[in-house]
Amino acid sequence: MTPDDLKALVRTVPDFPAPGILFRDITTLISHGTGLAASIAHLSRLAHNAGAEAIAGMEARGFIFGAAVAAQMGLGFVPVRKPGKLPVKTIGIDYALEYGRDRLEIDPTAIGEGQRVVIIDDLIATGGTALAAAELLRTAGARVTHALFVIDLPELHGAARLRDAGLTVEALMDFPGH
C-alpha cells in the first residue's frame, strides 16, 4: 500500500477533544492488517536508511509503531515512558505542554554509548514530546538524528521545531489543520 492508500485509512473525528479540532484517529489504520503492515514496512525502510541501531518510541502509540519496526528490523526497542512506569533507576526530562508540564523517563542502560537511535511515533503535532525524547536519549548517550512519524500536522510546526533542533524528520502522510 502506498502512503496515500494508508492516509485513506485514517479516520478524522471533528470537534475532538475540543470544538474546532480535527482529530486524526489511527485506530482505523492499525486495525487494518494490511495497512498496519504497510505502515511498518514504510517506517522500517526509513529507519534503515537512517542507519538505525535501535528504535525508541514514546508511550503509548509510539510503542505500537516503534516496537513493530524494531522487531521487523531485528533491533532493540527503547520505551520512552511516562513517569513511574519503570521498575529500575531512570533518567528523565520535564518538558512544557501547551497547557502544563509533563515528564518522560527511560532506563539509561537500554542504550549503548554512541548508539544511533531513531525515534518513531504515530503523530507529530507541536513537537514537544519528540524534542524532549530526543534530548533525553542524547543525555543517555544515544546519537539521535532522525524522527519518523506516521502523520505530520504541518500547521502546528512540530516537524520544523525538530528540524531546527538538528533532527531529520519524515512522515508517511500529512493532514492540514489541527
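Please read these numbers as outputs of a predicted model, since none were measured by experiment.

**Let's talk about helix H4 (residues 61-73)**
Its 13 residues give H4 an end-to-end C-alpha distance of 19 Å, which sits within 8% of 18 Å, the value for a rise of 1.5 Å per residue. Within the sequence span of H4, burial applies to Gly62, Phe65, Gly66, Val69 and Ala70. All buried residues of H4 fall inside an arc of 130 degrees around its axis, so they share one side. Elements in contact with the buried residues of H4: helix H2 (27-30), helix H3 (33-49), strand E3 (54-58), strand E4 (76-80), strand E7 (117-124) and strand E8 (146-152). A positive phi of about 70 degrees marks glycine 74, the residue just after H4.

**Thoughts on the pairing of E4**
Both faces of the sheet carry side chains from a regular strand, because those side chains alternate between them. Of the strand pairs in this sheet, E3 and E4 are connected by five bridges, and their pairing is parallel. If you follow alanine 56 over to E4, its bridge partner there is valine 78. For the segment spanning E3, H4 and E4, crossover handedness is right-handed.

**A closer look at unusual backbone geometry**
Across residues other than glycine, the phi torsion is negative in most instances, and most of the peptide bonds are trans. The peptide bond linking phenylalanine 16 to proline 17 adopts the cis configuration, its omega dihedral lying at 0 degrees. Summarising the element assignment, proline 17 is placed in the loop between strand E1 (11-14) and strand E2 (22-25). Note that the residue after glutamate 59, namely alanine 60, is joined by a cis bond; omega there is 5 degrees. Relative to the helices and strands, alanine 60 resides in the loop between E3 and H4. Unusually for a residue other than glycine, aspartate 15 sits at a positive phi of about 60 degrees. For histidine 157, which is not glycine, the phi dihedral falls at a positive 65 degrees. Structurally, histidine 157 can be placed in the loop between E8 and helix H6 (158-164).

**Let's talk about helix H5 (residues 128-139)**
Across its twelve residues, H5 extends 17 Å between first and last C-alpha, which sits within 8% of the 16 Å expected from 1.5 Å per residue. For H5, the full list of buried residues reads Gly128, Ala130, Ala132, Ala133, Ala134, Leu136 and Leu137. Just beyond H5, the residue with positive phi is glycine 141, at close to 110 degrees.

Rules used in this analysis
- Residues numbered from 1 in each chain as written.
- Predicted model: local features only at pLDDT ≥ 70, side-chain atom pairs only at ≥ 80, totals over all residues.
- Heavy atoms only, no water.
- Helix = DSSP H or I, 4+ residues; strand = E, 2+ residues; numbered from the N terminus.
- Expected span 1.5 Å × (residues − 1).
- Buried < 20%, exposed > 50% of the residue type's maximum accessible area, 1.4 Å probe, protein only.
- Arc of directions from axis to C-beta.
- Contact = heavy atoms within 4.5 Å.
- Pairing = 2+ DSSP bridges.
- Right-handed = clockwise from strand over helix to strand, strands pointing away.

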